[in-house]
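One letter stands for each residue in the lines below.
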Amino acid sequence: MKKFLKILVTFFLLGNYNLFAVSPRFRWVQYRYEGDLPMRDAVKQVLWELVRITSVEVEEEPLYGNLDDEEFFLSPFIYLTGRNVSINFGPEEKRKIISHITAGGLWLVDDSSENQGSPFWISVRKEFESLFGPWSIKPLPESDVIFRTFFLFQPEVARKFELEGIFVDGRAAVIFSKNLLQNATKRKYHLRLLINIIMYSLTTDYKLDQIHQPFIKKRLR
């Protein structure tokens, strides 16, 4: 099995093939580095809610690893969080991140600090801009499909999150948020937005006309 995974990941990294359909289950994958915050209890609660609310099947055990893990890139969703520790990707890590994103992957970058301009927030934005260019991080408009993938957010609610993103081929491939996971365990709209982002990662070709509006509007309340 490990040999098979290694072959799949090798083709993925060399050729930008989309291997995300290999597993029918969603798996929470979190990038680990020295000083990061796994927040395992919060992840467990969010995954329980994801199963309860949606029809998505979920791997019970999240993956906390780094870019050398053979299974790391078989998930379309990668979560990265931090607070007081700066992020610095090496050349090989940058190459793998670009391969993952260009193949349809989504990174959720979530600042867990209570302060503006934390070392994590400043450094991680700089690192992603080094990959996709200066000024590549832009505000996500309240009309973005992320606010409609499962729960439908009214514009005034969507604006409060102040999400930012890096767009690749017209889709938000990197999303920047503030304390989204921490608040998802205790605030309704934060949980709903996180579920939307997960659903978005599973449907990277999502279009507005695919949304079943009568079904989703029930979730406005």
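Everything that follows concerns the structure shown earlier in this document.
These numbers come from a predicted model, not from an experiment.

(A) Quick peek at the environment of S130. Mapped onto the secondary structure, S130 falls in helix 4 (residues 119-132). Overall, the relative accessible area of 44% leaves S130 in the partly exposed class. Within the local environment of S130, its side chain forms a polar contact with the side chain of K94, the two groups lying 3.3 Å apart.

(B) The pairing of strand 3 (residues 77-82), seen in detail. Counting buried positions along strand 3 yields six of six residues, so the element is predominantly enclosed. Residue alternation in strand 3 divides its side chains into two sets, F77, Y79 and T81 and I78, L80 and G82, and both sets are buried. The sheet contact formed by strand 1 (residues 29-31) and strand 3 spans two bridges and is parallel. Within strand 3, the residue paired with Q30 across the bridge is Y79. As defined by bridge partners, strand 3 adjoins strand 4 (residues 106-111) across six bridges and the pair is classed as parallel.

(C) A look at the packing of aromatic side chains. What the rule picks out here adds up to 15 aromatic pairs. Look at Y31 and Y33: their rings are 6.1 Å apart centre to centre, the planes differ by 25 degrees, and that puts the pair in the stacked class. Like Y33, Y31 is buried. An aromatic cluster of at least three residues, connected via ring pairs, comprises Y31, Y33, F72, F89, W107, W121, F128 and F176. The ring of Y64 has R40 lying over it, and the distance from NZ or CZ to the ring centre is 4.1 Å. The ring of F176 carries R125 above its face, with NZ or CZ at 5.7 Å from the centroid.

(D) Just the packing of helix 3 (residues 91-102) against helix 4, in detail. Relative orientation of the contacting elements helix 3 and helix 4 amounts to 70 degrees, with a least axis distance of 11 Å. If you check the angle between helix 3 and helix 4, you find them roughly perpendicular. Two secondary-structure elements touch here, helix 3 through K94, I97, I98 and I101 and helix 4 through E127, F128, S130, L131 and F132. When grouped by side-chain class, the residues that make up the contact of helix 3 with helix 4 number six nonpolar, one polar and two charged.

Calculation rules
- The numbers attached to residues start from 1 for each chain and follow its sequence in the written order.
- In view of the model being predicted, local features appear only for residues whose pLDDT reaches at least 70, and side-chain atom pairs are presented and counted only at 80 or more, with totals across whole chains, interfaces and linings using the full set of residues.
- In computing side-chain properties, one takes all heavy atoms of the structure into account and sets aside hydrogens as well as water.
- Helix and strand labels come from DSSP, where a helix needs a run of H or I of at least four residues and a strand needs a run of E of at least two; each type is numbered from the N terminus.
- Accessibility here uses a 1.4 Å probe with only protein chains present; expressed as a share of the type maximum, an area under 20% marks a residue as buried, one over 50% as exposed, and anything in between as partly exposed.
- Polar contacts, as used here, are pairs of N or O atoms within 3.5 Å; protein pairs need one atom able to donate a hydrogen and one able to accept it. Residues neighboring in sequence count only if both atoms are side-chain atoms.
- Here a strand pair is declared whenever DSSP counts at least two bridges between the two strands.
- Between the rings of Phe, Tyr and Trp (Trp by its six-membered ring), a pair exists once the centres lie within 6.5 Å; its type follows the angle of the planes, with under 30 degrees stacked, over 60 edge-to-face, and the other angles tilted.
- Counting as a charge over the ring demands two things of the Lys NZ or Arg CZ atom: a distance within 6 Å of the ring centre and an angle within 35 degrees of the ring normal.
- All axes are obtained by fitting lines to C-alpha atoms, using only the stretch in contact for helices, and the reported angles, taken between N-to-C directions, cover 0 to 180 degrees.
- By the definition adopted for this analysis, an angle is roughly parallel if under 35 degrees, roughly antiparallel if over 145, roughly perpendicular if from 65 to 115, and oblique otherwise.
- Residue contacts follow a heavy-atom distance rule, with two residues in contact if any of their heavy atoms lie within 4.5 Å.
- Under this grouping Gly is polar, as are all residues other than the nonpolar Ala, Val, Leu, Ile, Met, Phe, Trp, Tyr, Cys and Pro and the charged Asp, Glu, Lys and Arg.

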